[in-house]
Structure formats: C-alpha cells, structure tokens
Amino acid sequence: MLTFVLRRLTYSLPVLFGILVVTFTLARAIPGDPCLAVLGERATKDICESFFRRNGLDQPAPIQLLIYMRNFAQGDLGDSMRFHRPVMELLVDRLPTTVELGFFALMFAISVGVPLGVLSAYRHKSAIDVGTMIGANIGVSMPVFWLGLMLAYLFAVLLKDTPLALPPSGRLTPGANPEPFYLALGWVAEGEEPLEILRFFSRINTLNAVLTLNRELLIDALRHLILPAVAVGTIPLAIIARMSRSSVLEVLNQDYVRTARAKGLRERSVVGKHALKNAMLPVITVIGLNFGLIISGAVLTETIFSLTGVGRTLVDSITSRDYTLVQGFTVVIAAGFVLINMVVDMLYGYLDPRIRFN
Amino acid sequence: MADAQPADLAPEANYRSASLWLEALRNLRHSPSAVLGSIIIGALIITAVAAPVFATHDPIKTMIGVPGETGRLPSKKPCIPLFGCEDQQHILGLDLNARDLYSRVIFGTRTSLSVGIITISLSIVAGTALGITAGFMGGRVDNVIMRLMDVVLAFPALLLAISIVTILGPGLTNALLGITITFIPQYARLSRASVLSLKEQEFVVAERALGASPLRIVLAHILPNAITPIIVQGTLGVGTAILDAAALSFLGLGAQPPTPEWGQILSESRNYLFTSPHLVFFPGIAIMITVLGFNLLGDGMRDALDPRLNRS
C-alpha cells in the first residue's frame, strides 16, 4: 500500500507543476502592460520600473516562474488588483461558501443517486428502472444555470405563501450575524485575531451552527442551501445513478452472487453484502470525477443565487480584468481538484487490492 | 451452374467487408434511444437550416414603432399565445428589447448546433493527431504529449475554458476555441490507446514489413480501426460542448448581444425571472432538448458499435 501511495504521489507532482506552469503562462499571455493595469493609465516610466522590480517582473521568465512557485508554496498568491487585498485572504473569505455548497450538492447526488441506481438494477426493466433512466438522461442534459433559475422561480414565486417556499438568494436571512464558534467556545478571546483556519471553518454556516448548537441558524442555513445544492447536484446525481445501476447489474450476473443465492442466503444479504460492496468500487471513481462538475456548477449557480463564493468572485474578476485573482483562484481550484482525485485513487487502491499491483 | 461457386463466395465476402457498419446501422435501428436521438437531431438540423422559414420575425429586429405591431413588452404583463393570451403576432411573446422570442430561439438553433459540431470536430482532429503521434512514436514524444494532456485534464473543464476566454477576450469564436482545448485530451487518450493495441497486430506488422510509410500505416490501417470509439465519444461530446458554450454565453463570455444564442438569451433575461419567466424557460428547454438528442444518439451508438458491451 505504501509503494502505491508513493507512486500515486509522484504521479501527481508533475501534474501540479504543470498546473503552475500553465497558470503562469496564461497570466503572462494576457495582453496589455501589467503595470498600467495595476497602477492606472497615468503611471510614469519610473514608477513602472520600480513596480517591475518590486514584483520581480524585471527578471527573466524562468526566474519569475521560480518566484511564482516559491510564493505559491508559501501560500502567497499576490494581491488582488480590484480588492487591494491579498488573494489568499479573499480565498479564506469566499471558499467556505463554495465548499459548503459543493458538499451538500454531492451529498444530495450520492444519497439519491446511489439508492436509485441500485433499485433500478435490482428491479431491472421495471417501471422504476425505466423511469430512473429517462430521468437520468434528462438530468444530464439540463443546463445547471437554467435549472437553478427554474427552481428559484418555482420555490420563491409560485410556492411563495406555502410552507414549501424557499429563499432564492443569499446564505442566511439578511441581518443574521452568527457568532463564530471560536468565540462561542472561548477558543479565541474577544478582539483577538483568530487563526485563518478557524476563520475559514467558522464561515461554513452549517458547521458553525452545529458547533455552537444554534438550531435556528442551522435551519436557516440549510433552507438557503437547498435550491443551489439541488441545482448543482442534479447532473452528478444522474451520472451516479447510471453508474451504480450498470455496476450493480454487472455484479448481479457474477458467479459468486449465484453461488451466494444457491447457498440459500437471504436476498438481503446477497444484495447487501455480496453485490453492493463490489459494485460500489466504480461508483467511488465516478464520484471523484464529479468534483469537476460540481466546481463548474458552483461557478454558474453562485451567480444565480447571489452567493459570494469562489465561482462568482472569479467570474466578476474576469469582467473587471483582475488577473492576479483569476490566476490565484484558478491555481488553487485546480490543485484542489488534483488532490481530490489523488485521494479518490488511493481510496480505490485501498478498497480494491488489484489496482495497487497493476 | 458454372458460376455457382463464385456467386456463393462473393456475397459472403461483400457482407463481411461491410459488416461492421451495416451491423451497427441495424443495431441502431433497434435501439429506441438512438432512434429518438436521431429524430431530435434531424428535426434540429432542419430547423437550423430552414430557420428563416420557421421564424416569424427578424430575430434581431426591435418591434417598437413597427406599423401594425401589437406585441406587449414582458415588463407590462407578458402576453404569450401559447399560454392562452390573445395576441397572435408573437407565439412566445417579446423579449426585453421588444424582439420576437420565438424567432430568436429558432435562430439560436443555428448558433448552438454549429458551435457544438465545430468544437467537437476541431478537438477530434487535434486530439486524434496528438494521440496517434504519441502512440506511434512512443518514448519521449509520447511522454511529453500525454503529460501535457494530464495537465489540461487537471483543470475542471469549464474553469479552463473560462481562463482561456479571459485571455483571448469574450466572444463566440474564443469561447469555441477555449472549449475545444478542454476536449482535446479525451480524444488523444482514446486514439493513443487504440494505436498502442493496433501497433502490434499482425496486419500492421505485415504492412510495415512490406515497407509501407508510417503515414500510410496510420491513414490506411490504424485510423479506420480506431475511429469507432472516437465517433461515439464525439457524439456524446457535442451535447457537453453545447452546454459549455451556453454556460460561457450565460456568464457573458461567449456569444455577445444581439446574436441569438440560447445561453445569451437566458443571461440577458435572468434579472426578469420573477416577472417574465417565459424568457428564461424557452431557451433553456431548447438547450435541454438539443443536448438530450445528442446524448441519446451517443448512448445508442455506444451500444450498437461496441460489441464488447452487448451483454444481453
């Protein structure tokens, strides 16, 4: 197992290096003078020269790349041109919204998709099966942003005065200002500057609500999460349902399942113990592959539901040409994506020993 | 009776040489999803080609001040004949700039279909060329190309497309280019895998022993044998490419106004969702039906063309 983990790590490092080179090159390929872009059209030659020197831009490109990599390793992503704040600080501010949205979207996709897929395979060619497959086909064909808008219209306008009404924007009811858990638990004294990591976790509203045992806050946060999470999770749900169905179908035809039945085992134990365990392996890979979809979905959905997450900030920064922010956010998301895929692969290798030796 | 023997052999030989495609076509006809997908795509192609015939109005003409015009702007309680309103002039009503929504959606078919098909064709050509080169040359070339593909795959597709469009500047052509790049690795991997398995087959080795040039081996022997999975993947890819293009346009990075493009129509009307949801509803349905058509056909083709998947 250790050699497998090490091999997988050495495979990820060149990809991470490649990501850094690509984002570096993309940022340098942007037309226009970075000095004028940051300091304004009226910056003089002298000012620009000192700006170049300060930012290492007077060095040859390979040296600049090395500086960029060193800064990345130290968590320094530069300053945003639009917000005049470190990009890292903005990330700590806005990533929690996206992480929370992605988590609930994935939970929705798994908790609905896997049972639906298993049930359709078990009742192969029944009404449930046909219905699920038609639904899954429609699900993968829907534009995320359109689904989000339609959900917002359905639950915020058509169902406005019913108990089913849900808020179409924001993360919490306006005016809510929850106490961060590190203050409530007395980890950090009032007025003291908390660690960035604590600030990060406290901004995940649902987690903060659980840690501070605040029931109203939890319900409020969840109510705001339902619509965007369903919008983001629908395509992954359809894919996961399809994958679990075909995977279970394949396993149910295997010899060892027939043997288990022939032994006279109860149906529940045949399906639950023999079939499901083996069928879930490919499903795990598919779940890993869905992180990309969830990030793309978050970029589109945050704009619709007025959530100030990573995606919305990224899109807004493109229109205002805030290149450092675009570069910083892109590299962090891509690196996270590589990391998640690596973890999924390792999990896969752990669950299926054959993979390790292949 | 003298010609009995050759006549017996000939049809057999003919049948064999065409069997892959004939059998695939026969399988496709029996696959409900492929048939439904083909019908949807066929209808969309007809709509796109004959858009001026189907459209009732000019898709970019503002109807304000046009003599005999009775359409109502959506801001004043929209009037949609499809939902029972009496105005017969505009089937789906007017959009925010007083343009005929129905005609805009009809003309949008052209944009979306061509974006989807052009993107995938470009990435198939580039990806297959890279994959075949990598697989055929092997060694360092293979390594460099495939590691590069790994890096492209390391980015979530839409995010990479967004970054590329950021640099090239917003617009339909640049969006198309950005999406193309995100699709290249799939085809490179697929074609490389086919080359690797075909390279060692006897008929290729024999051809090489006969002194055929590498180009001839690739074009005459490897490509025809590697093309099936690429076509299947490509059909499924068109749907995804259309979704991505619509998403970029929705974010304001793709088609620019007044081009009738579904994502763009959605984007300009989304702030009026609560008063005139039909402006958002119809272009979205159009996207969904189009993508569904390509997904159904792709699924059907995969089952029909890939004998390994024929389980039942």
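Residue indices follow the written sequence of each chain, beginning from 1 at its first position. Ligands are numbered from 1 and chains lettered from A, in the order in which they are written. Only residues with pLDDT of at least 70 get local features here, since the model is predicted, and only at 80 or more are side-chain atom pairs given and counted; chain-wide, interface and lining totals rely on the full set of residues.

1. Let's talk about the overall build of chain B
- From N to C terminus, chain B includes 12 helices and zero strands.
- Secondary structure elements of chain B occur, N-terminal to C-terminal, as α-α-α-α-α-α-α-α-α-α-α-α.
- Here chain B holds 312 residues, and 45% of them are scored as buried.
- A fraction of 70% describes how many contacts in chain B between residues 6 or more apart in sequence connect residues 24 or more apart. Under the scheme used here, helices are H or I runs from DSSP no shorter than 4 residues and strands are E runs no shorter than 2 residues, and both carry numbers assigned from the N terminus. Three exposure classes are used, based on other C-beta atoms lying within 10 Å of a residue's own C-beta, which is placed from the backbone: buried for 20 or more, exposed for 12 or fewer, and partly exposed in between. Once C-beta atoms have been placed from the backbone, residue pairs whose C-beta atoms lie within 7 Å are recorded as contacts.

2. Focus: the overall build of chain A
- Across its full length, chain A holds 16 helices and zero strands.
- Viewed in the frame of its principal axes, chain A has a C-alpha envelope of about 85 × 60 × 45 Å.
- For chain A, contacts bridging at least 24 residues in sequence account for 74% of all contacts bridging at least 6.

3. Details of the interface of chain B and chain A
- With 33 residues of chain B at the interface, the matching set in chain A holds 35 residues.
- At eight residues, helix α12 (residues 278–305) of chain B tops the list of elements feeding residues into the side of chain B that touches chain A.
- Residues were grouped as follows: Ala, Val, Leu, Ile, Met, Phe, Trp, Tyr, Cys and Pro as nonpolar; Asp, Glu, Lys and Arg as charged; and all remaining residues, including Gly, as polar. Looking at the side of chain B that touches chain A residue by residue, the class counts come to 24 nonpolar, six polar and three charged.

4. Quick look at the packing of helix α6 (residues 139–154) of chain B against helix α8 (residues 172–199) of chain B
Residue and element names in this part refer to chain B.
- Across the interface, α6 lies against α8 with an axial gap of 9 Å and an inter-helix angle of 135 degrees. When the interaxial angle is binned, α6 and α8 end up oblique. Here α6 runs over α8; the crossing is left-handed. In this structure, α6 uses M146, M149, V152 and L153 to contact α8, whose residues at the interface are I181, T182, I184, P185, A188, R189 and R192.
- Broken down by class, the residue content of the contact of α6 with α8 amounts to eight nonpolar, one polar and two charged. Lines fitted to C-alpha atoms define the axes, with helix axes restricted to the stretch in contact, and inter-axis angles between N-to-C directions lie between 0 and 180 degrees. Convention used here: angles under 35 degrees read as roughly parallel, angles over 145 as roughly antiparallel, angles from 65 to 115 as roughly perpendicular, and any remaining angle as oblique. We call a crossing left-handed when the near helix sits turned anticlockwise from the far one by less than a right angle, and right-handed when that turn is clockwise.

5. Considerations on helix α6 (residues 127–141) of chain A
- Multiplying 1.5 Å by the helix residue count minus one yields the expected span of that helix. With 15 residues, α6 of chain A ought to run about 21 Å at 1.5 Å a step, and its terminal C-alpha atoms sit 21 Å apart, in line with that.
- Buried within α6 of chain A we find T132, A136, G139, V140 and S141 of chain A.
- Buried residues in α6 of chain A make contact with α5 (87–122) and α11 (215–252) of chain A together with α10 (214–250) and α12 of chain B.

6. Describing the packing of helix α1 (residues 2–29) of chain A against helix α15 (residues 323–351) of chain A
Residue and element names in this part refer to chain A.
- The N-to-C vectors of α1 and α15 enclose an angle of 165 degrees; their axes lie 10 Å apart at closest approach. By the angle between their axes, α1 is roughly antiparallel relative to α15. For the pair α1 and α15, the sense of crossing is right-handed. Along the contact surface, α1 presents F4, V5, R8, S12, V15, L16, I19, L20, T23 and A27, while α15 presents Y323, Q327, T330, V331, A334, A335, V338, M342, D345, M346 and G349.

7. Brief notes about the confidence of the model for chain B
Residue and element names in this part refer to chain B.
- Per-residue confidence for chain B gives a mean pLDDT of 83; residues scoring 70 or more make up 84%.
- Each residue gets a pLDDT score, which is the predictor's confidence in that residue and runs from 0 to 100. Contacts for the low-pLDDT stretch residues 1–16, under 50 throughout, to residues beyond four places or in other chains number zero contacts.
- Scored as a whole, the predicted complex attains pTM 0.86, and scored at its interfaces, ipTM 0.85.

8. Re the environment of I117 of chain B
Residues and elements named next belong to chain B.
- Looking at where I117 falls in the secondary structure, it is placed in helix α5 (residues 101–137).
- What makes I117 partly exposed here is the crowd of 16 C-beta atoms within 10 Å.
- Counting along the chain gives 124 residues from I117 to A241, while the straight-line C-alpha distance between them is 8.3 Å.

9. Structural notes on the confidence of the model for chain A
- Per-residue pLDDT for chain A has a mean of 85; in total, 99% of the residues score no lower than 70.
- The secondary-structure element of chain A with the lowest mean pLDDT is helix α2 (residues 34–39) of chain A, recorded at 72, while α5 of chain A shows the highest, at 92.

10. Topic: unusual backbone geometry
- In the segment running from P257 of chain B into P258 of chain B, the intervening peptide bond is cis, with an omega of 5 degrees.
- Inspection of the secondary structure puts P258 of chain B in the loop between α10 and α11 (262–269).
- Phi at K125 of chain A takes a positive value of approximately 65 degrees, unusual for a residue other than glycine.
- Secondary-structure assignment places K125 of chain A in the loop between α5 and α6.
- In this model, L213 of chain A sits at a positive phi of 55 degrees, which is unusual for a non-glycine residue.
- Looking at where L213 of chain A falls in the secondary structure, it is placed in the loop between α10 (205–211) and α11.

11. As for the environment of I47 of chain A
All names here are of chain A.
- Its place among the elements puts I47 in helix α3 (residues 45–54).
- Taking the C-beta count within 10 Å as the criterion, I47 has 13 such neighbours and is therefore assigned partly exposed.
- Distance in space between the C-alpha atoms of I47 and C35 is 8.7 Å, their sequence separation being 12 residues.

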